[in-house]
Each structure stands twice: as structure tokens, then as C-alpha cells.
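Summary of structural features
Single-letter residue listing:
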Amino acid sequence: MIWEEIIGVLSEFLMVEHWDKEDDGSYSVVIDDTIDISFIPASKTHIIFQGCIGEPLPTNNSAEAKLRQLLQWNFARIEDNNDILSVDQKLRRISIVRKILLDKLTIDSLLDHVESFVRNVDFWLAAAEHKTSRTGLSPLLTRFHMK
């Protein structure tokens, strides 16, 4: 798949008419009023999904304790999920990142990636805020069927 096809499929699937487009060519959307997701072109061979969680990290030492706890939880989840936990330096927010190879991507696999990625970001958002994750319904289903 190519970038334009991906954005077209995502626009239809996520029901987005007007994307927030960044200077770097990425497209962003907020799902279920809480989940910030960006789709970033990474050369002509990959796409990156990025989901930011939590508030911006404080500049003092209290950020270290929060990061340590999230990294411990990440270690427990790494066997089932290969998304990368990182810090977006520009936003000073914790983010989840998934890099996907374009030449193996189909419409079905793209939609599967979006669904599993949104579920994972939802889990980490709840974990960062010390809330219970909504494991029943996908945040995507909530968005589409509760309007």
C-alpha cells in the first residue's frame, strides 16, 4: 500500500473528514475523546502509529518514578505486544509506537493494526492514569456506535 491509500482507508474506517495534518506529513485524530493517535509516514517503506498517553511529564524527578512503573508493566506485556513505549521529546509525553512495513500491508491487516494499536493505547492510557482499562468494548466501537 502507498501513503495516500492508507490515509483513504483510515479516513473511511475512522470516519474522519478533516484530519489534523502536521508539518512533517503526519495525520492525527482523537478517538473516543481521549486517545490521541498519529499516523506518520516513515520513508516510502514504513508507517508509524503513535499514541500519546497521560499529561506532559514534569521536569522534576517525579517523572522518573512514573516512567519506572510503566516500564515494569511494559516488561510484563512485552510477550503479547511488540509496541514500543517511549517519550515524545517535543510533547514531553509518554507514547506508544508501532512501525509497520508497507509492502506487506493490506486493507485487512491495516484495520487489524489500527484496532489492536488503539486497544493497546487505551490500556496504557488507563494505566498511566491509574484507571481500569475497558477491556470489553474497543474504543473504536464506542466512537462509532454511541453517537
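Heads up: the structure comes first, above all this text.
Description of the structure in this document. All values derive from a computational prediction rather than experimental measurement.

Quick look at the pattern of salt bridges now. What the rule picks out here adds up to 3 salt bridges. Arg93 is the partner of Asp36 in a salt bridge, and the nearest nitrogen-oxygen pair spans 3.2 Å. Here Asp36 is found in strand S3 (residues 35–42), whereas its partner Arg93 is found in strand S6 (residues 93–101), with 57 residues between them in sequence. Classification of Arg93 as buried rests on a relative accessible area of 16%. In this structure, the salt-bridge partner of Glu115 is Arg119, at a minimum N-O distance of 3.0 Å. With a gap of 4 residues between them, Glu115 and Arg119 both fall in helix H3 (residues 107–128), about one helical turn apart.

Below, the discussion takes up the sheet that holds strand S2 (residues 27–31). The strand order across the open sheet formed by 6 strands is S1-S2-S3-S4-S6-S5, and the pairing between neighbours is antiparallel. In this open sheet, the two strands that pair with only one neighbour each are strand S1 (20–21) and strand S5 (84–88). In this sheet, strand S4 (residues 46–53) lies alongside S3 in antiparallel orientation, the contact comprising 7 bridges. Directly across from Ser38, in S4, lies its bridge partner Gln50. Packing of helix H1 (residues 3–14) onto the sheet brings it into contact with S2, S3 and S4, and relative to S3 it is tilted by some 165°.

Here is what the cut-offs are and how they apply
- Residues numbered from 1 in each chain as written.
- Predicted model: local features only at pLDDT ≥ 70, side-chain atom pairs only at ≥ 80, totals over all residues.
- Heavy atoms only, no water.
- Salt bridge = Lys/Arg side-chain N within 4 Å of Asp/Glu carboxyl O.
- Helix = DSSP H or I, 4+ residues; strand = E, 2+ residues; numbered from the N terminus.
- Buried < 20%, exposed > 50% of the residue type's maximum accessible area, 1.4 Å probe, protein only.
- Pairing = 2+ DSSP bridges.
- Contact = heavy atoms within 4.5 Å.
- Axes fitted to C-alpha atoms, helices over the stretch in contact; angles between N-to-C directions.

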